[in-house]
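# Coordinates in review
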Amino acid sequence: MAVPKRLLIIDNGSYECRVGWHDTKEPELRFRNVLTKPRKDRKKDNQLPDASAPAATAEDLKASAEIQIGNDITNIEAVRAHLKSPFERNVITNWNHQEQIFDYIFSKMGFDGEESIAHPIVLTEALANPNSCRRQMSELLFECYGVPVLSYGIDALYSWQHHQQKHKLVADALIISFGYTTTHVIPVLANKMQLEHVRRLNVGGFHINNYLFRLMQMKYPVHLTAISSRIEKLVHEHCHIALDYKEELLKWAQLDYYEANIMKIQLPYNQVTATNALLTAEQKQEKRRELALRLLDIKNRREREKLQEDEEYLQVLRKLRQLYEQEKLQKFERALQQQQIGNLEELDKLMGTLTSRIKRVKERAVGQPRPSKQQDKLDKMPKPPEGMPQAQWLSELRDKREELLQRKQARQQQRQEQAKRHTHAAQERMRIISTLARSEKRRKANGGDEEDDGFGMNDNDWDVYKRINRYNDDSDSDAENEQMLEYEKILQHYDAGFDDANNAAMQALIAAENYQLHFGVEAIRVPEILFQPSMIGCTEAGLAELIAFVLKLFTAEQQQRLVDHVYLTGSCAQFRGLKERLAKELLELRPFQSSFAIYETNDPTLSAWLGACLQANSKNFSGSLTTRKLYQEYGGEYFREHSASNLYYPTPKD
């Protein structure tokens, strides 16, 4: 049978998988390389099978255990914690998951119902992929899916070949490949990868997303669900790499810069409606009383239902006791086993417990109702002094509350003024401190040691601290805060319009602000881990140090050939400012007045798939195919090398 000419290109990335035919301009299928199994209905799982119900069909069983993959995951945010991936870092380790993903791919590409996949496949793999992983992949594709031929390649080198279409005369490059879990620095000389000089940094897009989630989690612990659903969007759209990280941090430390550049993300929330605004104090109290009665009615109904169940169960136990008294021991033993009761002593103990519980519930029902907690709160509420009208008393409380608010606002104003150096309050405070430091300092003429100046022996000496504290009273008294709460509690109880007049607008504003995410310095702090992995506890060198280490492995002439074409690929290559930051780092690394150039692809996430399509359309592509015959002869780890593949090293035999 002739091998079909149409090839299937699979860029099997650890974050996203891209699948399409080699003669198309873009992949037909793109999806997150994850899968999940939806949670079953617990009630259905706990129900006993009904003998009268029809048996479940094979389609029903398959649908109940259906695995959701990629784009078929209906609500990825709801199952984010249960997502599974076949990858461990950038190497496949879970082959059951990988087989399920292949089933999904071939189903979406129109191979449903076919016994085998009669098309050649071009598949990407990790750089320096272990032979054991390649062996299992070849076995899966050749044996399970019946693939006729197979070709393996590295995504970064496929991307480089696609980039060479615009730079055909370039054969040397320093490729920086940003992956989801790793970052590689790959030197290429004369179109050949220098595998022995490739270096890896175990930081990638996953660590960036996870670091931002941890930062936002510490800032907003009550909004975890809203944060997790926005992490990737914040990273992709709003994060950028700073040209000078320390200088940017100093800018963010300034209040004016912070307020001008902070991004506020408003989360959805249900605004509290002022339905009680038109109610008087008596009407509000009546509504509370009605609510308490409804809750009490629900409680009594549940107690009656429980009482009925206990009485029925007690009747069953009494019948069991009668079997024992009638000396029908065999029936008695079987009945005990059915009721999961050990022996006669346990039966009597259970009957006594039920009897006392039923008696207690009945006595409570006929007894006097206990005073409610709501009534206790009303009884403890302060009342106007004798001989003083309620209106006058409430007016005095409003004045006292307003006085406390003015004090708090005055202290707030003082704090703001002290933050500025040229205000009268700050200058007066510094004058007192400097005067105190200079006053009555005496030193010995010969030794120069300080003597005790006697400060503090006179009570008037301590007045200087009172004068300083007059300009530094920046804390609210606990007694004042408690008094403020007490005033507001009384006013809310007696004055129906207090909530609306004083707190309604403020509460709405506070509620909106409580549902806001402030995204500021995180925009530069998160992607900085590519250059400073120590920020997340990683002991490896940063990207700039890694590039310097790789360049030192070559001669000066080879170094120049490499830096003349630094090529960026991968998802993280889309960060704004990355090219400028690398230019700054290379300028510091390279000799004085030496040249270098940095290039980036138009679509870093798709360039590897497009490069694999170019490889499939090349004239010498047939020489890079691993056939089923070669697989059977040399084993699953064998593959044919080509310009974009790993180097084949057979596994040593014992």
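Let me sum up the structure you'll find in this document. (Residues numbered from 1 in each chain as written. Predicted model: local features only at pLDDT ≥ 70, side-chain atom pairs only at ≥ 80, totals over all residues. Heavy atoms only, no water.)

## Digging into the overall build of the protein
Definition in use: Secondary structure is summarised from DSSP: a helix means a run of H or I of at least four residues, a strand means a run of E of at least two, and numbering begins at the N terminus for each. Each residue is assigned to one of three classes by its accessible area relative to the maximum for its type, calculated with a 1.4 Å probe on protein chains only: buried under 20%, partly exposed between the two thresholds, exposed over 50%. Residues are treated as being in contact if the distance between any of their heavy atoms lies within 4.5 Å. All accessible-area figures derive from a Shrake-Rupley calculation using a 1.4 Å probe, and residue coverage is judged against the displayed protein chains alone.
Helix and strand content of the protein: 25 helices and 18 strands. Residues counted as buried form 37% of the 654 residues belonging to the protein. Of the contacts made within the protein by residues no fewer than 6 positions apart, 71% connect residues no fewer than 24 positions apart. With an accessible surface of roughly 40,700 Å², the protein has 50% of that area assigned to carbon and sulfur atoms.

## Overview of the nonpolar core
Formally: Here, the term nonpolar core denotes a set of buried Ala, Val, Leu, Ile, Met, Phe, Trp, Tyr and Cys residues that are joined through side-chain atoms within 4.5 Å.
Grouped together as the largest cluster of nonpolar side chains are 48 residues, with contacts concentrated most on Phe178, Ile547, Leu568, Leu578 and Leu582. If you tally residues by element for this core, the top one is helix α21 (residues 543-551), at six residues. In contact with Ile547, not counting residues within four places along its chain, are Leu174, Ile176, Val185, Leu582 and Leu586. Ranked by size, the runner-up nonpolar core spans 38 residues in total, among them Val91, Ile101, Tyr152 and Leu630.

## With respect to the pattern of salt bridges
Which entries qualify depends on this criterion: By salt bridge we mean one thing: a side-chain nitrogen of Lys or Arg within 4 Å of a carboxyl oxygen of Asp or Glu.
Here the structure, examined in full by the defined rule, presents 23 salt bridges. Across the salt bridge formed by Glu125 and Arg134, the nearest N and O atoms sit 3.2 Å from each other. Considered together, Glu125 and Arg134 belong to a single accessibility category, that of buried residues. Within the structure, one salt-bridge network assembled from shared partners comprises Asp11, Glu16, Arg18 and Arg30.

## Describing the sheet that holds strand β8 (residues 121-125)
Note the threshold: When DSSP finds two or more bridges between two strands, those strands count as paired. Simply put, an axis is a line fit to the C-alpha atoms, just over the touching stretch for a helix, and the angle between two N-to-C directions goes from 0 to 180 degrees.
The strand order β3-β2-β1-β8-β9-β18 describes an open sheet built from six strands, whose pairing is mixed. The open sheet is flanked by β3 (29-32) and β18 (626-627), the only strands paired with a single partner. Sheet topology places strand β2 (residues 16-21) next to β3; four bridges connect them, and they run antiparallel. The partner of Cys17 across the bridge, within β3, is Phe31. Strand contacts of helix α3 (residues 95-108): β1 (8-12), β2, β3 and β8, with the helix running at about 150 degrees to β3, the strand carrying the most contacts. The sheet contacts of helix α5 (residues 155-163) involve β1, β8 and β9 (149-154), and relative to β9 the element is tilted by about 85 degrees.

## Observations regarding the environment of Lys192
For Lys192, the location among the structural elements is in strand β12 (residues 192-193). In this structure the C-alpha to C-alpha distance between Lys192 and Ala173, which are 19 residues apart in sequence, comes to 9.8 Å.

## Quick word on α21
Note: α-helices contain 3.6 residues per turn, so residues at a spacing of three or four share the same orientation. The buried fraction of α21 is high, at seven of nine residues. Of all the positions in α21, only Leu543, Ala544, Leu546, Ile547, Ala548, Val550 and Leu551 are classed as buried. On its buried side, α21 packs onto β10 (173-178), β11 (183-189), β13 (199-201), α22 (556-563) and α23 (578-589).

## Some words on the packing of α21 against α23
Helix-helix packing is described using two parameters, namely the angle between the two axes and the distance between the axes. Rules: When an angle is under 35 degrees it counts as roughly parallel; over 145 it counts as roughly antiparallel; between 65 and 115 it counts as roughly perpendicular; any other value is oblique. By the definition used in this description, the sense in which the near helix is turned from the far one sets the handedness, with an anticlockwise turn below a right angle giving left-handed and a clockwise turn giving right-handed. Think of it as three bins: nonpolar holds Ala, Val, Leu, Ile, Met, Phe, Trp, Tyr, Cys and Pro, charged holds Asp, Glu, Lys and Arg, and polar takes everything else, Gly as well.
Closest axis-to-axis distance for the α21/α23 pair is 10 Å, and the angle between their directions is 45 degrees. The angle between the axes of α21 and α23 places the two elements in the oblique class. Note that α21 runs across α23; the crossing there is right-handed. Taking contact as the criterion, the partners of Leu543, Ala544, Ile547 and Ala548 in α21 are, on α23, Leu582, Glu585, Leu586 and Leu589. Taken together, the residues that form the contact of α21 with α23 break down as seven nonpolar, no polar and one charged.

## Thoughts on unusual backbone geometry
A positive phi angle, close to 60 degrees, is found at Glu327, a residue other than glycine. Looking at where Glu327 falls in the secondary structure, it is placed in the loop between α11 (281-325) and α12 (329-338). Judged by relative accessible area, which is 66%, Glu327 ranks as exposed. The backbone phi angle of Gln340 is positive, close to 55 degrees, even though this residue is not glycine. Mapped onto the fold, Gln340 is located in the loop between α12 and α13 (344-366).

## Brief notes about the packing of helix α6 (residues 205-219) against helix α8 (residues 231-238)
Contact pair α6 / α8: the axes reach a minimum separation of 9 Å and the direction vectors enclose 115 degrees. One way to sum up the angle between α6 and α8 is to call them roughly perpendicular. The element α6 and its partner α8 pack so that their crossing is right-handed. Contacts between α6 and α8 involve Ile208, Asn209, Leu212 and Phe213 from the first element and Ile231, Glu232, Leu234 and Val235 from the second. Of the residues in the contact of α6 with α8, the class split is six nonpolar, one polar and one charged.

## Side note on the pairing of β11
Summarising burial for β11: seven of the seven residues are buried, a large majority. In the sheet, β10 pairs with β11 via six bridges, with the strands oriented antiparallel. Counterpart to Ile175 in the pairing with β11 is Ile186. Between β10 and β11, which pair antiparallel in sequence order, lie four residues. Pairing between β11 and β13: three bridges, direction antiparallel.

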